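Descriptive analysis of the structure
Listed below, chain by chain, are the residues.
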Amino acid sequence: MSASVTTDAASLWPRLESSIPIDNKLERRIDELLAQMSLREKVGQLIQGEIQYLTPDDVAAYGLGSILSGGGSYPDGRRDAHQRDWLRLSEAYRRASLRNDGGRTPIPILWATDAVHGHNNVRGATIFPHNIGLGAARNPDLVRRIGRVTAMELIATGLHCTFAPSVSVASDYRWGRTYESYAEDPALVAALACALVDGLQRSSDGNVLDDGTVLATLKHYIGDGGTLHGIDRGNTVLDEQTLHDVHGTAYFSALEAGTQIVMASFSSWNGQPVHGSEYLLTTVLKRRLGFDGFVISDWNGYAMVPGCTKTSCAPVINAGVDVLMAPEDWRGLLEQTVADAESNVIPRERLDDAVRRILRVKLRAGLFDEARDVAAAAGAAKRFGGAEHHELAGQAVRESLVLLKNATNLLPLDPGGHVLVAGNGAADLEKQMGGWSITWQGRGVSADDFPRATTVLDGIRARVEAGGGRLTFAADGKFDERPDVAIVVFGEEPYAEWHGDRSTLEFEAEPKLWQAKRLLPDVRPTLELLRSLKAQNVPVVSVLLTGRPLYVNPELNTSDAFVVAWLPGSAGESVAAPLFAAPDRTGQVGFGGCLPFAWPAAHAQTDENGKPRAPLLPAGFGLKPGDACRLPDRLPEHAGAAQQAFEPLHIFVRGFRAPWRLELESGDERRAVLPSSGSKPTGRVGAIRADARDRHIQEDAWVVTWDGDSPARFLLGARRPLNLEAYRDAALCFDLRTDAGLEGDVRIEMLDADGHCAGFSLTERAGESSPGAWRTICLGLDEFAALGLRIDAIRYPLVLRSSSANALWIGAIRIDHPAST
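Each value, and the rule that gives it
Each chain has its residues counted from 1, following the order in which its sequence is written. The model is predicted, so local features are restricted to residues of pLDDT at least 70 and side-chain atom pairs to those at 80 or more, both for listing and for counting; the totals for chains, interfaces and linings are taken over all residues. For side-chain calculations, the full set of non-hydrogen atoms in the structure is used, while hydrogens and water are omitted. Labels follow the DSSP assignment, with helices taken as runs of H or I lasting at least four residues and strands as runs of E lasting at least two, numbered in each case from the N terminus. Among buried residues, the Ala, Val, Leu, Ile, Met, Phe, Trp, Tyr and Cys ones that are joined through side-chain atoms within 4.5 Å form a nonpolar core. Buried means the residue's accessible area, taken with a 1.4 Å probe over protein chains only, is under 20% of the maximum for its type, while exposed means over 50%, and partly exposed covers the values in between. Note on contacts: a residue pair qualifies if any of its non-hydrogen atoms lie within 4.5 Å across the two residues. Multiply 1.5 Å by the residue count of a helix minus one, and that product is the helix's expected span. Two N or O atoms count as a polar contact when they lie within 3.5 Å, although within protein this holds only if one can serve as hydrogen donor and the other as acceptor, and sequence-adjacent residues are included solely when both atoms are side-chain atoms. Strand pairing is defined by DSSP finding a minimum of two bridges between the two strands. Between the N-to-C directions of two axes lies an angle of 0 to 180 degrees, each axis being a line fitted to C-alpha atoms and, for a helix, fitted only over the stretch in contact. Our working definition of a disulfide is a cysteine sulfur pair at a distance within 2.5 Å. Each cavity reported here is a set of points on a 1 Å grid over the protein atoms alone in which a 1.4 Å probe fits but cannot get out, each pocket an open set with protein on both sides within 12 Å along at least five of seven lines, and each lining residue one with an atom within 4 Å of a point. Grid points are joined across faces, edges and corners, and a volume is the space filled by probe spheres set on the points. Asp, Glu, Lys and Arg are counted as charged, while Ala, Val, Leu, Ile, Met, Phe, Trp, Tyr, Cys and Pro are counted as nonpolar; the rest, among them Gly, fall into the polar class.

**Focus: unusual backbone geometry**
The amide bond that connects Ala-164 to the next residue, Pro-165, takes the cis arrangement and shows omega of 10°. Relative to the helices and strands, Pro-165 resides in the loop between β4 (161–162) and α7 (186–201). In this model, Lys-219 is joined to His-220 through a cis peptide bond whose omega is -5°. Locating His-220 in the fold gives a position in strand β5 (residues 217–221). A positive phi angle is found at Glu-497, which is not glycine, with a value near 55°.

In structure tokens:
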């Protein structure tokens, strides 16, 4: 389907009027600055690098206009960096940007980050529920207050801008960014997005972009929540009217509210990448909607446009992107963009327009006023991560909780009884925080990262102790004395972006393909736990921690009450508030949340013919204690749809998926690298090192380095042995790059459940190739079977072994037919 573009944009898209009007005095100031700036200085304003890859001295030398700190990026690489460390680094970058060595025009730098549920990259910050939880709360005033607290905590660290709010309208819950969407109703998304923009950009005395405010960013323009099959960075196939009605509504109101920055979407609209769409970026957004701020690319998003690379992308600038987010490759991009501007590949008028927009936003935001920055930071630092902010987070949690089931009015519970707490989420900060929490993927979160954070278990314990009851905690649900009730807390593992894409909405199920091909047994520990408690006649309250609606009919059937807590953030104790009756029977906290999305009745929202299935519960549903239960006593439990056609088995494609894990082995030591608790996954064991690297997108390749001191192995495996019989006529395929020839005999092997390891010489199979060039290697599974390996019980389908000093890049690891690769 080709892009459906109307011949007259004015017939569809509205004319908007921002709450921040053009200021002629400010425009004259911009004219003066543009007249002083060299072409190279202008291009510098268009480039945004990442703090891991540039120093304040780099900013002074190259004149970059902005920087970002991505998920899992910290001052000096220190995860435990204090608020003061962030502020000091901010001051260093600012001083560097204002140096006028050699007559350079001093332009203050802008520092942005993804503060998407609080200032989530910084130790000790206040972490709020993700957007889906705020959509369940449906309280714009609450969201406005969250915006003000987030702005204050950003200012305390010296940052000027957050890449929020996301105004996505998620349509397929399999999308890994569903939790960044407030709701399925565009009007509700618009109301909450405007409230957050207002909180971020409006001071307590009502002035826009005054003291105590930061810049908001609308993202991801446009249609990112509508991709086919919920594939992140995929293709949104819609007519223009639907794009306008569903995915445009929130932009209209938030732009009128004065949003100054818009981030382009990684996704495509009817096959055309949004980053390269002059129609959407310039004709619609800038001309028709009247947006006079600047458009920024997403992380290397410009490089996904045909004809562009990470270091060369004039077409995207000409299409209407004003700032290119080039985290690591900013130097090369800067030089090529200078050359493109000098040769008029980027017209001078377009360059000046982009710089004008950037300067306009910096001037409006007060970045040229150093005294204002210093004073605001000093005041905000005193309240950073404080009790007042934590209480607001707790209120957000309480208002977001949705009660789906309450058979026999089990809730609220008597806090004076014997309460068993079980499940893998009760004391798990990772599960309750979700992605974008200290690290990009939200892995490895601990109390050291957020000292004020509390778990769901903490809240239950406090309620039971206050009520004079007794609490037993056993994650596996085992007990010596039968409890009066069990509260089982469980949920998804943390994820961000495409790492959270799923093939099924069925909770605790491996992808449908894996089940259909019988690669792994169907093991569901949470469901087994719930069934065990039910068999022992223990009343069960289930609490689900999730970033999306999920198919949980079996879990609902085995629960007497069922609560959706979404991803509550650092105030986990507040989940317990409505579960219990107040000790004195006064001040009872009830359930106020409503479903922001319809709740699915099956493993997919559509049937095998692509037609929508009726949901189990509609958006807006939410029980209050005493309400009659809407669900039948027994819900149907549908199995996942069988998968008949061959599909490749992805081991490492666009990142890891459960159940895969990476291990390194040197001598007698073996250690898991992924799942990882670090920021950018990396690991070293003895003579071998592995580092995640960006090839096409973030962390989609590994660099494996052997120092040659002793034999060492790189192993990719699953939690349990895999039955690959269905793939016997396929091949293990992967993409390989070497920057120099392989030394010695590098081996490519498989290891089965019996401990038998066998394979082939990768040195021979790879052959000669140009340094730095990628090529695809495939080895038939029948070849491995001929070596005596058990194809029905493979523990590690890819093992790389070397005794010599070597380095190689590897990515796109899958089991597929060679002709398909």
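Moving on from the coordinates now.
**What to know about the nonpolar core**
Counting 213 residues, the largest nonpolar core has Tyr-221 and Ile-487 as the members making the most contacts within it. Ranked by the residues each element gives to this core, the list is headed by α7, at 10 residues. Ignoring sequence-local partners within four residues, the contact set of Ile-487 consists of Leu-413, Val-419, Leu-420, Val-421, Ala-422, Ile-460, Val-541, Val-543, Leu-579 and Phe-580. Judged by nonpolar contacts, the second largest core, of 48 residues, contains Leu-724, Val-746, Ala-766 and Leu-798.

**Here's the deal with helix α4 (residues 83–97)**
Here α4 is 15 residues long and its end C-alpha atoms lie 21 Å apart, about the 21 Å a rise of 1.5 Å per residue gives. Counting buried positions over the 15 residues of α4 gives 11, a clear majority of the element. Those residues of α4 not exposed but buried are Gln-83, Asp-85, Trp-86, Leu-87, Leu-89, Ser-90, Ala-92, Tyr-93, Arg-94, Ala-96 and Ser-97.

**Notes on the environment of Arg-461**
Secondary-structure assignment places Arg-461 in helix α17 (residues 456–466). With relative accessibility at 30%, the residue Arg-461 sits in the partly exposed group.

**So, the side chain of Lys-405**
Structurally, Lys-405 can be placed in strand β12 (residues 402–406). At 2.7 Å, the side chain of Lys-405 forms a polar contact with the backbone oxygen of Leu-556.

**Quick word on the sheet that holds strand β9 (residues 272–273)**
Pairing is mixed in the open sheet, where 3 strands are placed in the order β6-β8-β9. If you trace the sheet from one side to the other, it starts and ends with β6 (235–236) and β9, each paired once. Sheet analysis places strand β8 (residues 268–269) next to β9, joined by 2 bridges and oriented antiparallel. Across the sheet, Trp-269 pairs through a bridge with Gln-272, a residue of β9.

**Quick look at the environment of Thr-504**
Mapped onto the fold, Thr-504 is located in the loop between β15 (485–491) and α18 (512–516). At 3.1 Å, the side chain of Thr-504 forms a polar contact with the backbone nitrogen of Glu-506.

**Comments concerning the sheet that holds strand β7 (residues 261–264)**
Across the sheet, 3 strands lie side by side as β5-β7-β10; this open sheet has parallel pairing. Edge positions in the sheet fall to β5 and β10 (294–296), since each of these pairs with one other strand and no more. Recorded for the sheet is a direction-independent mean angle of 25° between the axes of neighbouring strands. Note: β5 against β7, 3 bridges, orientation parallel. Bridge pairing links Tyr-221 to Ala-264 in β7. The sheet strands contacting helix α9 (residues 249–256) are β5 and β7, and the helix crosses β5 at an angle near 155°. Contacting β5, β7 and β10, helix α10 (residues 278–288) runs over the sheet at an angle of about 140° to β5.

**Here we look at the state of the cysteines**
Considering all chains together, one arrives at 2 disulfides under this definition. Here Cys-308 engages in a disulfide with Cys-313; their sulfurs sit 2.1 Å apart. The disulfide joining Cys-308 to Cys-313 has a torsion of about 75° about its S-S bond and is therefore right-handed. Across the pair, exposure class does not vary: Cys-308 and Cys-313 are buried alike. The side chain of Cys-733 participates in a disulfide bridge whose partner is Cys-778; the two sulfur atoms lie 2.2 Å from each other. Because the sign of the S-S torsion sets the handedness, a value of about 115° for the bond joining Cys-733 and Cys-778 places this disulfide among the right-handed ones. With Cys-733 in strand β25 (residues 731–737) and Cys-778 in strand β28 (residues 774–780), this residue pair connects regions lying 45 residues apart in the sequence. Since its relative accessible area comes to 0%, Cys-733 is described here as buried. A residue is classified by how much of its surface remains accessible, and Cys-778, at 25% relative accessible area, is partly exposed. Each disulfide of the protein joins two cysteines, and with those cysteines numbered along the sequence the arrangement is 1-2, 3-4. We note that Cys-161 lacks a disulfide partner, and the nearest cysteine sulfur, in Cys-194, lies 17 Å from it. Of the residues examined, Cys-161 reaches a relative accessible area of 0% and is grouped as buried.

**Brief notes about the layout of surface pockets**
In this model, the second largest pocket occupies a volume close to 410 Å³. What lines the second largest pocket is a set of 18 residues, among which Arg-148, Val-149, Met-152, Arg-383 and His-389 lie closest to the centre. Secondary structure elements with two or more residues in the lining of the second largest pocket: α6 (140–156), α14 (370–381) and α15 (387–400). Per-element tally for the lining of the second largest pocket: the top contributor is α6, with 5 residues. Split by residue class, the lining of the second largest pocket holds 7 nonpolar, 6 polar and 5 charged.

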